[in-house]
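A structural walkthrough
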Amino acid sequence: MMGSGAGLSSSGDRGSQTDVSIVSTVPDRHGFHGGSQYTPDEKQMIPASVLLRRELKWISMLNNWERVMTKKYKKVRERCRKGIPPSVRPRAWQYLCGGKLLMDGHMLPTGTGMLLPEEGLVGRKGEVISAPANRITYANLIAQEGDPRWIDDIQKDLHRQFPFHEMFMTEKGHGQQDLFHVLKAYSVLNPHIGYCQAQAPLAAFLLMHMPAEHAFWCLVSLCDKYLDGYYSHNMETLQLDGEILFALLKRVAPNVYKHLKKQKIAPILYMTEWFLCVYTRTLPWTTILRIWDMFLCEGIKVVFKVALVLLRFGLGRSDILRKCPTMYETLEMLRNLPSHVMEEEFIVHQIQRLNLTDEDFQREHERQLIRRKAAQENGGKHKGR
C-alpha cells in the first residue's frame, strides 16, 4: 500500500538528526548501539525504592486485571501517566491494549475482511491447517504463504527499521526474521489492509519489548482498534484526524494555527509520521516509552495531545515564527524540534495541562464529519453540472 507509507523516511531513526558516525560497541539500556536514539548516560530519575513500590502495585493490578480495569480505571490511568516500571511494561502493554485477550482467544479480531477460523488456513504445501473453534493462532498465520505483493514490500522494509538497535542490526538475523513473521501474519489476517510501511516501526518497537507472538497480537489491536482506518488505501481517517487536530490547535495555540493557515500547510504534511507511527520515528526513546504508557491506556487522544504540545512549543514563540517565512522553514522546524520540547517530563507535564476534555474531542470529531460530508455533497453537485 504505497499511499500510507509515502510520507515516511527510509531510516528507522529520526532522519536528519541521525549521526551515523557514532556507533558504540556497548549498547545503551534500550539496546541501541548508535543513531539518534542512543542514550548512553541516561539518568535514573526515579529513586529505586519508589520504583520498587510501583512495580509491586503494578504486579498486584495485573494479577487482578479485569476487576481493576472495571472498578479502578482512573487509578490505572494515573499510574500509566506516572510511567510504567520497565520490568512490568511488556506485560502491562499486552493487558492495556487487549493483545493478551486476543492471543488467549477470548476475543476475535474485528478488522473487516479478516479470516475466520472456520474458513481454514492454507499452509506452505497447500495443506489445510485447522484451528480450534473460534481461535486464530499466530503459528497458523505464519505458516501461510501470504500475498506475494505484501511479502515483497515487507522484505524491502526490514533493514530500515531501527538499524542501530541490537535486534535489527544483522541482516536476516532473529530480529528481522521475527519482524517479517509478525508483519506477514498481519497481512494474512487482514487481507483488506495487507501491509503498510508505517506498520513496520510499530511491529519492531513491540518486538523490542516482548516475544513475537505477543507483539503480533498487540499489533493487531493497535491497527484495528487504536488506529482503525489509518492504514486504509485512501488514508481518509488520517486526513479527518488531521482536520480535527488543526481545529483543536486553534484553541490551544492560536498564533501557530494562524501561521500554518497563512502558509497553507495542510496537517497531513507534518502529522502523518507522528500519527501513523505513534512517534516511534520522531521522539527520544524515553519519551516514546512514556507516551506509549499513556496511549495504550487512554487511546488516540494521547497522540493528538502530543502533537498539540509539539506544535505549540515547537513553533509558538514569536522569534521562532519569524524564522519561518515560508512553508519550507516551518516544516524544517517541525522536523528538527528543540530537544527540550521533546523531553519526556516536559511533554507529559504539558499534555496534562491541556484544557481539553473527552467531550471536546468528540464534539470536534462530529463537527469535522459534518463538514466533510457537506464538502463531498457540494463536490458531487458540481460534478453533476
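First things first, this report covers the structure right here in the doc. (Residues numbered from 1 in each chain as written. Predicted model: local features only at pLDDT ≥ 70, side-chain atom pairs only at ≥ 80, totals over all residues. Heavy atoms only, no water.)

So, about the packing of aromatic side chains. Two measures describe an aromatic ring pair: the distance that separates the ring centres and the angle between the ring planes. Throughout the structure, instances matching the rule amount to 19 aromatic pairs. With a centroid separation of 5.3 Å and 35 degrees between ring planes, the pair formed by Tyr138 and Phe216 is classed as tilted. Taken together, the positions of Tyr138 in helix α7 (residues 138-142) and Phe216 in helix α11 (residues 212-226) put the pair 78 residues apart, joining distant regions of the chain. Phe216 matches Tyr138 in its accessibility class, with the two residues each being buried. (Phe/Tyr/Trp six-rings, centres within 6.5 Å; stacked < 30°, edge-to-face > 60°. Helix = DSSP H or I, 4+ residues; strand = E, 2+ residues; numbered from the N terminus. Buried < 20%, exposed > 50% of the residue type's maximum accessible area, 1.4 Å probe, protein only.)

Moving on to the pattern of salt bridges. Two side chains carrying opposite charge are able to pair once their charged atoms lie near each other. By the definition in use, this model includes 17 salt bridges. Put simply, Asp358 and Lys301 hold a salt bridge, and the shortest N to O gap is 2.5 Å. Taken together, the residues span a long stretch of sequence, with Asp358 in helix α20 (residues 358-384) and Lys301 in helix α16 (residues 301-315) at a distance of 57 residues. Sharing partners across several salt bridges, the network here consists of Lys75, Glu78 and Lys82. (Salt bridge = Lys/Arg side-chain N within 4 Å of Asp/Glu carboxyl O.)

The next thing to look at is the side chain of Glu364. Among the structural elements, Glu364 can be located in helix α20. Judged by relative accessible area, which is 11%, Glu364 ranks as buried. A distance of 3.0 Å separates polar atoms of two side chains, one belonging to Glu364 and the other to Arg367. Ignoring any residue separated from it by four or fewer positions in sequence, one finds Glu364 in contact with Ile244, Ala247 and Leu248. (Polar contact = N/O pair within 3.5 Å; in protein donor to acceptor, adjacent residues only side chain to side chain. Contact = heavy atoms within 4.5 Å.)

Running from amino to carboxyl end, helix α12 (residues 236-252) crosses helix α14 (residues 268-276) at an angle of 110 degrees, the nearest separation of the two axes being 10 Å. Classified by the angle their axes make, α12 and α14 are roughly perpendicular. As for the relative orientation of α12 and α14, their crossing is right-handed in sense. Counted together, Leu238, Gln239, Asp241, Gly242, Leu245 and Phe246 of α12 and Ile268, Tyr270, Met271, Thr272, Phe275 and Leu276 of α14 form the full contact between these two elements. In terms of residue class, the contact of α12 with α14 is built from 8 nonpolar, 3 polar and 1 charged. (Axes fitted to C-alpha atoms, helices over the stretch in contact; angles between N-to-C directions. Parallel < 35°, antiparallel > 145°, perpendicular 65-115°, else oblique. Left-handed = near helix turned anticlockwise from the far one by under 90°. Nonpolar A, V, L, I, M, F, W, Y, C, P; charged D, E, K, R; others polar.)

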